[in-house]
Amino acid sequence: MCAEEIKTGEDMTVEQKTIHKSCFKCAFCGVAVRIGACARDHSLESRYGLKYFCSDHMLLPPGEKAAQMDKLGIKKKGR
Ligand SMILES: [Zn+2]
Ligand SMILES: [Zn+2]
C-alpha cells in the first residue's frame, strides 16, 4: 500500500498481500478498518494503488473517493 519497508511485527496479511498494520485503514476518513468490515475499490486501484474503505465510505461513488484522496495528498501512481 505504501512504499515503506515492512518490518516484522508491523505486518499483517490481507488477501495474500502483506501490508503495514498502520496502513490498513480507510483511505477516506483514516479510521482503522478490520478484515471483513472494509472494501477495496478496484476502479481506483490503477491510479491510487491498493486502498481500503470503511463500511461508511465503501459505497461512495469513486469520484467522491478520488476527490477526498486528492485532498489528503495520497499519491497517484505514475504521472
Ligand atoms: Zn505501509
Ligand atoms: Zn471511512
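See the structure printed just above.
Residues numbered from 1 in each chain as written. Chains lettered and ligands numbered in written order. Predicted model: local features only at pLDDT ≥ 70, side-chain atom pairs only at ≥ 80, totals over all residues.

**Description of helix H2 (residues 62–72)**
- Judged by how many residues are buried, H2 sits mostly at the surface: one of 11 residues are covered.
- Just beyond H2, the residue with positive phi is Gly73, at close to 80 degrees. (Buried ≥ 20, exposed ≤ 12 C-beta atoms within 10 Å, placed from the backbone. Helix = DSSP H or I, 4+ residues; strand = E, 2+ residues; numbered from the N terminus.)

**What to know about unusual backbone geometry**
- A positive phi is found at Glu15, a non-glycine position, where the angle reads about 50 degrees.
- Along the polypeptide, Glu15 turns up in the loop between strand E1 (11–14) and strand E2 (17–20).
- Residue Glu15 is classed as exposed on the basis of its 8 C-beta neighbours within 10 Å.

**Re the pairing of E1**
- In this sheet, E2 lies alongside E1 in antiparallel orientation, the contact comprising four bridges. Note on E2: the bridge partner recorded for Val14 is Lys17.
- The turn linking E1 back onto E2 is made up of two residues, and Glu15 within it adopts a positive phi angle of 50 degrees. (Pairing = 2+ DSSP bridges.)

**Focus: the environment of Ser46**
- On the secondary structure map, Ser46 appears in helix H1 (residues 42–48).
- Residue Ser46 is classed as exposed on the basis of its 10 C-beta neighbours within 10 Å.

**Focus: the nonpolar core**
- Cys26, Ala27, Phe28, Val33, Cys38, Tyr52 and Phe53 form the largest nonpolar core, which has seven residues in total.
- Excluding residues within four positions of it along the chain, Phe53 makes contact with Cys26, Ala27, Phe28, Cys38, Ala39, Asp41, Met58 and Lys65. (Core = buried A, V, L, I, M, F, W, Y, C linked by C-beta atoms within 7 Å. Contact = placed C-beta atoms within 7 Å.)

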